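Structure at a glance
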Amino acid sequence: MKTLQERIIIFDTTLRDGEQSPGASMDVHEKVLVAKQLEALGVDRIEAGFPISSPGDFDAVQAVAGEVKKSMVIGLCRARDEDIQAAWDAVKNATMPGIHTFIATSDIHLKYQLNMSRDQVLGSVEHSVGMCRSLCPDVEFSAMDATRSDRDFLVDVYSTAIAAGAGTINVPDTVGYTNPQEFFELISYLKKKIRDIDKAVISVHCHNDLGMATANSVSAVMAGARQIECTINGIGERAGNTSLEEVVMIFNVRKDLYKLDTSIDTSQIYPASRLVSHITGIPVQPNKAIVGANAFAHESGIHQDGYLKERSTYEIMTPEAIGYGKSNLVLGKHSGRHALSKRLESLGYRLSEEDVNKVFRRFKEISDKKKEIFDADIEAIVIEEIYRVPDKYELKHINVSSGTVSTPAATVVLGVDGEVVKDSCFGNGPVDALYKTIIKMTGFHAELKRFSVSSVTGGFDAQGEVTVELMDRDTVATGQGADPDILVASARALVNALNRMEFLKHKRSGDVPHL
Ligand code: KIV
Ligand code: ZN
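Residues numbered from 1 in each chain as written. Chains lettered and ligands numbered in written order. Predicted model: local features only at pLDDT ≥ 70, side-chain atom pairs only at ≥ 80, totals over all residues. Heavy atoms only, no water.

Thoughts on the sheet that holds strand 15 (residues 464-472)
Counted only if it meets this: Here a strand pair is declared whenever DSSP counts at least two bridges between the two strands. Helix and strand labels come from DSSP, where a helix needs a run of H or I of at least four residues and a strand needs a run of E of at least two; each type is numbered from the N terminus. All axes are obtained by fitting lines to C-alpha atoms, using only the stretch in contact for helices, and the reported angles, taken between N-to-C directions, cover 0 to 180 degrees.
A sheet is described by the order of its strands in space; here three strands give the open sequence 14-15-16, paired in antiparallel fashion. Single-partner strands in this sheet number two, and they are strand 14 (447-455) and strand 16 (475-483). For this sheet the average axis-to-axis angle between neighbouring strands, irrespective of direction, equals 15°. The sheet contact formed by strand 15 and strand 16 spans nine bridges and is antiparallel. Within strand 16, the residue paired with Glu 465 across the bridge is Ala 482.

Below is the structure:
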């Protein structure tokens, strides 16, 4: 067991701050799936949600608390009694429960948002941390907008929080404002001045508004922080949070420099990235560090030449280290259930017999249309067949005609709450006809904000992966679908987005304002 001096605690907030990305809302089933992958990844702490924010989020945090055994499960709450009680009620049955409470400390927030004096904030910290501690042994306190707060006031706030029982004090760069040098100095100052700092772990929570979240987090660790709050693929409010895969691989690849470890099983990073991208509908940019599609691609002739002679000439880590492309074996029409099941395991998926059978059925359908099935195809099938919530709308069949002479037309058969309905429309093109028909059948007034198609693998017979973003008044929902036929993939993506829209609309009723 590594001591705290040698180890960084990884606090994942994909299910809370990550979920605050537009359109990324997850329901109970989806949160549990992501939480289980985070547990397999080996994260120390999972912030599962903000229980007072909606009944749906309360249920999701409670469900995660019931399922996860190896990581601490944490609920977020403002410094208010009813929030704290809801957070505790949601996590109390976890094997390792935790509460994270916060209040803003910058003058700008005190004046315009909280309308409180500094003394009132100090009183609130003492009371709320004390209440959390009376309920739960593990309490984290955050001073929101810390990087724009007065340093000496911060010292008082954190000293009060530790005296009231906080075991972790978190320093958020809420608006992504600081830089690595300034943050290093702030953490060093706090470490020197806060009373009884040895009784608490210093944590950091950085936003990426200026693209410095990862650098700021690493700099804070060099100044003595020992917990990093981060998300898979760096998703989160606005420009997102520190990305888990980046900080973990920095400490892994540059062990010689930092001499610090994390508890992460790095081979689970890529499956986690794919899962979160599919569930939230937020694609990963191709040049994203560690998990982007190009992160291990060598394009230029000189690089390829060097790489082929000796991998380490142009590669500082291997794709296998993050669980990407573990095997180059290709499956096909004649591959059996056993081969598929073995491949699923090696890709990091732990599925029940019943789920393997579902994947196998879809695998057979696709291998009738596509000669070679690659790992990326299998991942797309798992996401489509398994990681998808039971839906209100189910795509049954489509029939689309288009061309240079005829008017594009689509006929769609949908299952709506178990009933089968059919309709048709003309359109400007095949996707337009298809989308008009589906939208008409579901009664939404949604506007299509984004439509993108990419190919899951190379080859003319590759599966197309379609991502759509819909907006209906103030609700944004994303959806994804994959199929060798891109019109089918398009229909699947739209139906997925509409199901998510339906879920978001329900979730909204009973919400409190977001953070
Ligand atoms: O960015 C932030 O300040 C937060 C806090 C709740 C920690 O997300
Ligand atoms: Zn945040």
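Details of the coordination of the zinc ion (ligand 2)
Formally: Water is absent from the atoms considered, so a metal site may look incomplete; donors are defined as N, O and S atoms within 2.8 Å of the metal, or 3.2 Å for Na, K and Ca. Only protein chains enter the area calculation, which uses a 1.4 Å probe; residues under 20% of their type maximum are buried, those over 50% are exposed, and those in between are partly exposed.
In the first shell of the zinc ion (ligand 2), the protein supplies Asp 17 (OD), His 205 (NE2) and His 207 (NE2), at 2.0 to 2.1 Å from the metal. Each donor residue of the zinc ion (ligand 2) lies on one chain, and together they are spaced D-x187-H-x1-H. Assessed through its relative accessible area of 4%, His 205 is described here as buried. Looking at His 207, the relative accessible area reads 4%, which means it is buried.

Some thoughts on the nonpolar core
The criterion, for reference: Think of a nonpolar core as a cluster: buried Ala, Val, Leu, Ile, Met, Phe, Trp, Tyr and Cys residues, connected wherever their side-chain atoms sit within 4.5 Å. Contact definition: two residues touch when any of their heavy atoms are within 4.5 Å.
Phe 141, Tyr 158 and Val 171 are the most contacted members of the largest nonpolar core, which totals 107 residues. Considering each element in turn, this core owes the most residues, seven residues, to helix 6 (residues 151-163). In this view, Phe 141 contacts Thr 101, Phe 102, Ile 103, Val 125, Val 129, Val 157, Tyr 158, Ala 161, Ala 166, Thr 168, Ile 169 and Asn 170; residues no more than four positions away in its chain are not counted. Formed by 27 residues, the second largest nonpolar core is a distinct cluster that contains Val 416, Ala 446, Leu 470 and Met 501.

A look at the packing of helix 14 (residues 353-369) against helix 15 (residues 375-385)
Inclusion rule: Each angle gets one of four labels, with under 35 degrees taken as roughly parallel, over 145 as roughly antiparallel, 65 to 115 as roughly perpendicular, and the rest as oblique. Crossing handedness follows the turn of the near helix against the far one: under a right angle anticlockwise gives a left-handed crossing, and clockwise gives a right-handed one. Under this grouping Gly is polar, as are all residues other than the nonpolar Ala, Val, Leu, Ile, Met, Phe, Trp, Tyr, Cys and Pro and the charged Asp, Glu, Lys and Arg.
One can describe the packing of helix 14 onto helix 15 by two numbers: an axis separation of 10 Å at closest approach and a directional angle of 125°. By the angle between their directions, the pair helix 14 and helix 15 is classed as oblique. In the crossing of helix 14 with helix 15, the sense of the turn from one axis to the other is right-handed. Between helix 14 and helix 15, the contacting residues are Lys 358, Val 359, Arg 362, Phe 363 and Ile 366 on the first element and Ile 381, Val 382 and Glu 385 on the second. Of the residues in the contact of helix 14 with helix 15, the class split is five nonpolar, no polar and three charged.

Concerning the site of ligand 1
Heads up, the condition is: Proximity criterion: a residue is near a molecule or strand once any of its heavy atoms comes within 4 Å of it. Any pair of nitrogen or oxygen atoms within 3.5 Å is treated as a polar contact; in protein, a donor-acceptor pairing is required on top of that, and neighbouring residues in sequence qualify only through side-chain atoms on both sides. Here the Shrake-Rupley method, with its probe set to 1.4 Å, supplies the accessible areas, and only the displayed protein chains count as covering residues.
Around ligand 1, the structure places Arg 16, Asp 17, His 100, Phe 102, Ser 142, Met 144, Asn 170, Pro 172, Thr 174, His 205 and His 207. Contact between ligand 1 and Asp 17: an oxygen atom at 3.0 Å from a side-chain N or O atom of the residue. Within the side chain of Thr 174, an N or O atom sits 2.6 Å from an oxygen atom of ligand 1. Protein chains bury 97% of the 260 Å² of accessible surface belonging to ligand 1 in isolation. Those elements giving two or more residues to the shell around ligand 1 turn out to be strand 4 (97-104), strand 5 (139-144) and strand 6 (168-173).

A few points about empty space enclosed by the protein
Keep this limit in mind: We place a 1 Å grid over just the protein atoms. Points where a 1.4 Å probe fits but has no way out form a cavity, open points with protein on both sides within 12 Å along at least 5 of 7 lines form a pocket, and any residue with an atom within 4 Å of a point lines it. Grid points are joined across faces, edges and corners, and a volume is the space filled by probe spheres set on the points.
Across all of its chains, the model carries four cavities of 30 Å³ or more by this definition. Along its surface, the second largest cavity is lined by Arg 45, Met 72, Ile 74, Gly 98, Ile 99, His 100, Asp 138, Val 139, Glu 140 and Thr 168. Listed by contribution, the elements that provide at least two residues to the lining of the second largest cavity are strand 3 (72-78), strand 4 and strand 5. A total of three residues in the lining of the second largest cavity trace back to one element, the largest contributor, which is strand 4. Each residue belonging to the lining of the second largest cavity can be placed in one class, and the counts come to four nonpolar, three polar and three charged.

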